[in-house]
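Secondary and tertiary structure notes
The primary structure of each chain is shown beneath.
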Amino acid sequence: MIYSAEVQHMCSVGKGAYHGPAPIPEEGKWVQAKQISDISGFTHGIGWCAPQQGCCKLTLNVKEGIIEEALVETLGCSGMTHSAAMASEILIGKTLLEALNTDLVCDAINTAMRELFLQIVYGRTQSAFSEDGLAVGASLEDLGKGLRSQVGTMFATKAKGPRYLEMAEGYVTRIALDEEDLIIGYEFINLGKMMDFIKKGDDANVALEKAKGSYGRFAGAAKYIDPRHE
């Protein structure tokens with residue numbers, strides 16, 4: 001340690017009481033975090049790239065400073081999907097500090113990592129008041145049985161109005177309209193379920209029909225349109 005001449009010639013003054021850092025809530029406990037291994041928590045965060053062409057939702061499960069689980073979901077940029085594949089390998093097993101200072105391939109994922117770091121080290125996690133936190137694998141519950149991200153895709157123009165393309169339930173195949181051409185429902189295919197049916201041996205057309213569903217007043221519509229071609 002090198003001290004300046006000014007500091008070297010100063011007289012010593014005693015330091016008052018030290019109470020340590022303010023405790024933060026972690027997995028049902030109050031913890032005075034002094035090092036990375038003191039940090040645990042399960043949380044989500046959103047990141048975006050500089051041109052804002054795409055975004056990332058990152059979910060991490062941290063136990064004693066180590067990332068034990070990572071869910072990387074991306075939207076809006078084809079290259080991000082490959083970046084997410086690499087990030088999923090990079091993140092697991094790293095300490096929270098290592099991950100913060102690691103190139104996660106895509107700016108959106110890096111930004112999401114920064115936002116998660118802030119949440120976790122300040123005790124703002126989803127599992128802050130859950131005793132022992134959440135089990136490793138908890139993020140898969142957010143994806144549901146089909147293990148697919150919840151995606152909403154809508155397109156609209158002033159000239160022709162809105163088109164529902166993808167909802168949480170699945171890929172929209174038809175939109176239901178009433179007599180005034182207002183949307184009153186839609187038909188969808190749950191692609192996760194469809195693929196499960198096919199893997200179990202169902203014919204693709206049979207699987208398609210079994211995975212179909214509808215929402216709203218779909219059955220009583222005056223007209224149906226294909227949102228991608230009409």
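What comes next concerns the included structure. (Residues numbered from 1 in each chain as written. Predicted model: local features only at pLDDT ≥ 70, side-chain atom pairs only at ≥ 80, totals over all residues. Heavy atoms only, no water.)

Quick notes on the overall build of the chain
How we decide: Only runs of H or I of at least four residues qualify as helices and only runs of E of at least two qualify as strands under DSSP, and these elements are numbered from the N terminus. The globule rule used here is 2.2 Å times the number of residues to the 0.38 power, and the radius of gyration it is set against is calculated over C-alpha atoms. Exposure categories follow from relative accessible area, calculated using a 1.4 Å probe and restricted to protein chains: below 20% of the type maximum is buried, above 50% is exposed, and the middle band is partly exposed. Contacts were defined at the residue level, with two residues in contact if any of their heavy atoms lie within 4.5 Å. A 1.4 Å probe and the Shrake-Rupley method give the accessible areas. Residues count as covered only by the protein chains that appear here. We score Asp and Glu as negative and Lys and Arg as positive, and we do not count His or the chain ends. The atom standing in for a charge is NZ when the residue is Lys, CZ when it is Arg, CG when it is Asp and CD when it is Glu.
When its secondary structure is counted, the chain shows 7 helices and 11 strands. In terms of overall dimensions, the chain is more spread out than a globule: its C-alpha atoms have a radius of gyration of 25 Å, far above the 17 Å expected for 230 residues. Counting only C-alpha atoms and orienting by the principal axes, one finds that the chain spans roughly 90 × 40 × 30 Å. Expressed as a percentage of the 230 residues in the chain, the buried residues total 33%. Taking contacts inside the chain between residues at least 6 apart in sequence as the whole, the part at least 24 apart equals 50%. Summed over its atoms, the accessible surface of the chain is roughly 14,300 Å², and 55% of this surface lies on carbon and sulfur atoms. Charged side chains in the chain number 22 positive and 30 negative. The centres of these two groups are separated by 4 Å.

Structural notes on the sheet that holds strand 3 (residues 41-48)
What counts is decided by this rule: By definition, two strands form a pair when at least two bridges between them are found by DSSP. Under this scheme, a helix contributes an axis fitted over its contacting stretch, all axes are lines through C-alpha atoms, and angles between N-to-C directions fall in the 0 to 180 degree range.
One open sheet accounts for 3 strands, arranged 3-4-5; its pairing is antiparallel. A strand with exactly one partner marks an edge of an open sheet, and here the two such strands are strand 3 and strand 5 (66-75). Looking at each pair of strands side by side, their axes are set apart by 15° on average, direction ignored. When strand 3 meets strand 4 (residues 55-63), the two strands line up antiparallel, connected through 8 bridges.

Focus on the side chain of Arg-163
Let me state the cut-off plainly: Note on definitions: salt bridges are taken to be side-chain nitrogens of Lys or Arg within 4 Å of carboxyl oxygens of Asp or Glu. The definition of a polar contact used here is a pair of N or O atoms within 3.5 Å, where within protein one atom must be able to donate a hydrogen and the other to accept one, and adjacent residues in sequence count solely through side-chain atom pairs.
Assignment of secondary structure puts Arg-163 in strand 7 (residues 161-167). No salt bridge is formed by the buried Arg-163; the nearest opposite charge belongs to Asp-226, separated by 7.9 Å. Looking at Arg-163, its side chain comes within polar contact range of the main-chain oxygen of Lys-160, at 3.0 Å. Discounting chain neighbours no more than four positions away, the residues touching Arg-163 are Thr-153, Met-154, Phe-155, Ile-175, Ile-225, Pro-227 and Glu-230.

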